[in-house]
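Architecture at a glance
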Amino acid sequence: MKISVLQQGQRNMLSTRNDLDFLKEKASETLEDCFELLEKAGKEGADIAVTIETVNGITRFGDTRFPYPEIYEGLDGPLVKRFSDTAKKYNMYIVAGIFLTIDGKTYNAAVLFGRNGEIVGIHKKVHLPAGEELNVTPGDRFEVFETDIGNIGMLVCWDLQFPEAARELALGGADLIACPTWGWENIYGLSRAYENSVTIAAAMGMHPEGVISFCDPSCIVDNMGNIVALAPRDKACVVTADIDIRKEPAPQYGSAHFYPSHSMRKTRFSQRRSDTYRLANLPNEETPLYKRYFEKKDEK
């Protein structure tokens, strides 16, 4: 199957103007860029294409002048329909990273559109970095969706910084994690793929001067943690890889000789000791690390 990841910038980053009408105009131009790239992916025969995070962003995180539910549309809006029509036109899945308002609350979401344009699933970003919580409501679950190309899970940007998030999807049977993002880093991203034996498709946002220095460009990583397709740092583009996300990773460390397994995924997960992961399953407030940072009386 063919996986495509998009890499692009947002037009409103090029200007210091902050009036809403102007920002909406720039956001519209950004979306046109996105759909041009989706058209390219579709014409190249992509089975699934992943956009960057919040591709419809109008204002920046932390800007509380405009209530998000008033400027970002819901599931019945024209943007969702356009993504749906594009997926149907090219008979491909699309993971769209968008702000989405549902029941009066705005989420930083990844929406999975099916080949016929229907919404297969929605992931609402669970982990919100500093500033984002001023505008966005966090999600509270990690779900895996069955499709004809394999089981797909979604994370958004900061979610992937947390090993538990990817592990939840892996335990749910995900073959692919699609990640719209503005903060992909190989240092943890390749680890998430390897330790969970899952393919990751990361679509990275790009600043005017290119991908920010401490981050890495859009890429597709196989379930052994190897980069199989990589975007350049300095231009908008579509990167595509032909990869079988259901192919099992070969056993390592001689495990096939001692344990009846054809797959490192099977080996690793069958040997998990969830009964010993005591602290990982406790509320934050009950861990020693919480006490280090939040219960010291001498810290200001």
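Notes on the structure follow. (Residues numbered from 1 in each chain as written. Predicted model: local features only at pLDDT ≥ 70, side-chain atom pairs only at ≥ 80, totals over all residues. Heavy atoms only, no water.)

1. Quick word on the pattern of salt bridges
Heads up, the condition is: By definition, a salt bridge exists where a carboxyl oxygen of Asp or Glu is found within 4 Å of a side-chain nitrogen of Lys or Arg. Note on exposure labels: buried denotes an accessible area under 20% of the residue type's maximum, exposed denotes more than 50%, and partly exposed covers the range between, all computed with a 1.4 Å probe on protein chains only.
For the structure on display, the rule yields 18 salt bridges. A salt bridge links K125 to E132, with the nearest nitrogen and oxygen atoms 2.9 Å apart. Both residues of the pair, K125 and E132, belong to the buried class. Linking R141 and D140 is a salt bridge whose minimum nitrogen-to-oxygen distance equals 3.4 Å. Of the two residues examined, R141 and D140, each falls in the exposed class.

2. Let's talk about the packing of aromatic side chains
Selection criterion: Any two of the Phe, Tyr and Trp rings considered here, Trp counted by its six-membered ring, make a pair once their centres fall within 6.5 Å; the pair's planes then place it as stacked at under 30 degrees, edge-to-face at over 60, or tilted in between. Criterion for a charge above a ring: Arg CZ or Lys NZ at most 6 Å from the ring centre, at most 35 degrees from the ring normal.
Counting across every chain of the model gives nine aromatic pairs. Aromatic ring contacts, followed pair by pair, group F61, Y68, Y72 and F99 into a single cluster. Directly above the aromatic system of F35 lies the positively charged group of R82, at a separation of 4.0 Å from the ring centroid.

3. With respect to the packing of helix α4 (residues 163-171) against helix α5 (residues 186-196)
What counts is decided by this rule: Note on geometry: axes are C-alpha line fits, over the in-contact stretch for helices, and angles between N-to-C directions span 0 to 180 degrees. Numbered from the N terminus, helices here are DSSP runs of H or I no shorter than four residues, and strands are runs of E no shorter than two. In a left-handed crossing the near helix is turned counterclockwise from the far helix by less than a right angle, and in a right-handed crossing that turn is clockwise. Whether two residues are in contact is decided by their heavy atoms: any pair within 4.5 Å suffices. When residues are sorted by character, Ala, Val, Leu, Ile, Met, Phe, Trp, Tyr, Cys and Pro go into the nonpolar class, Asp, Glu, Lys and Arg into the charged class, and all the rest, Gly among them, into the polar class.
The geometry of α4 relative to α5 is characterised by a closest axis approach of 10 Å and an angle of 35 degrees between their N-to-C directions. Classified by chirality, the crossing of α5 by α4 is right-handed. Along the contact surface, α4 presents P163, A166, R167 and A170, while α5 presents R192, E195 and N196. Here the contact of α4 with α5 is composed, by residue class, of three nonpolar, one polar and three charged.

4. Topic: the pairing of strand β1 (residues 2-7)
As a reminder of what qualifies: Strands were regarded as paired on the criterion that DSSP finds at least two bridges between them.
The buried fraction of β1 amounts to five of the six residues, a majority that puts the element mostly inside the structure. Pairing of β1 with strand β12 (residues 237-242) involves six bridges; the strand directions are antiparallel. Looking across to β12, one finds that S4 is bridged to T240. Both β1 and strand β2 (residues 48-50) contribute to a ladder of three bridges, which runs parallel. Bridged to I3 within β2 is I48.

5. A look at the packing of helix α1 (residues 20-43) against helix α3 (residues 78-90)
This is how it is decided: Roughly parallel means an angle under 35 degrees; roughly antiparallel means over 145; roughly perpendicular covers 65 to 115; every other angle is labelled oblique.
Their axes nearest at 10 Å, the elements α1 and α3 cross at an angle of 15 degrees. Relative to α3, α1 is oriented roughly parallel. Crossing handedness for the pair α1 and α3: right-handed. Where α1 abuts α3, its residues L31, E32, C34, F35, L38, E39, G42 and K43 lie against L79, R82, F83, T86, K89 and Y90. Grouping the amino acids of the contact of α1 with α3 by side-chain chemistry returns seven nonpolar, two polar and five charged.

6. Overview of the sheet that holds strand β3 (residues 93-102)
A sheet is described by the order of its strands in space; here six strands give the open sequence β5-β4-β3-β2-β1-β12, paired in mixed fashion. With partners counted over all chains shown, the strands left at the sheet margins are β5 (119-124) and β12, one partner each. The mean inter-strand angle of the sheet, taken between neighbouring strand axes irrespective of direction, is 30 degrees. Together, β1, β2, β3 and β12 form the strand contacts of α1, whose direction differs from that of β1 by roughly 160 degrees.

7. Topic: α1
Quick reminder of the rule: Given the number of residues in a helix, its expected span is that number minus one, multiplied by 1.5 Å.
Here α1 spans 35 Å end to end across 24 residues, near enough to the 34 Å set by a 1.5 Å rise per residue. Positioned one or two residues after α1, G45 has a phi angle of 85 degrees, which is positive.

8. What about the side chain of N223?
Along the chain, N223 falls in the loop between β10 (219-221) and β11 (227-230). Among all residues touching N223, those that are not within four sequence positions of it are A193, Y194, S197, V198, T199, K247, E248 and P249.

9. Digging into unusual backbone geometry
Here C157, not a glycine, exhibits a phi torsion of approximately 45 degrees, which is positive. You can see C157 is positioned in the loop between β7 (150-154) and α4. Phi is positive for Y253, which is not a glycine, with a value near 60 degrees. By the element assignment, Y253 lies in the loop between β12 and α6 (255-258). Classification of Y253 as exposed rests on a relative accessible area of 72%.

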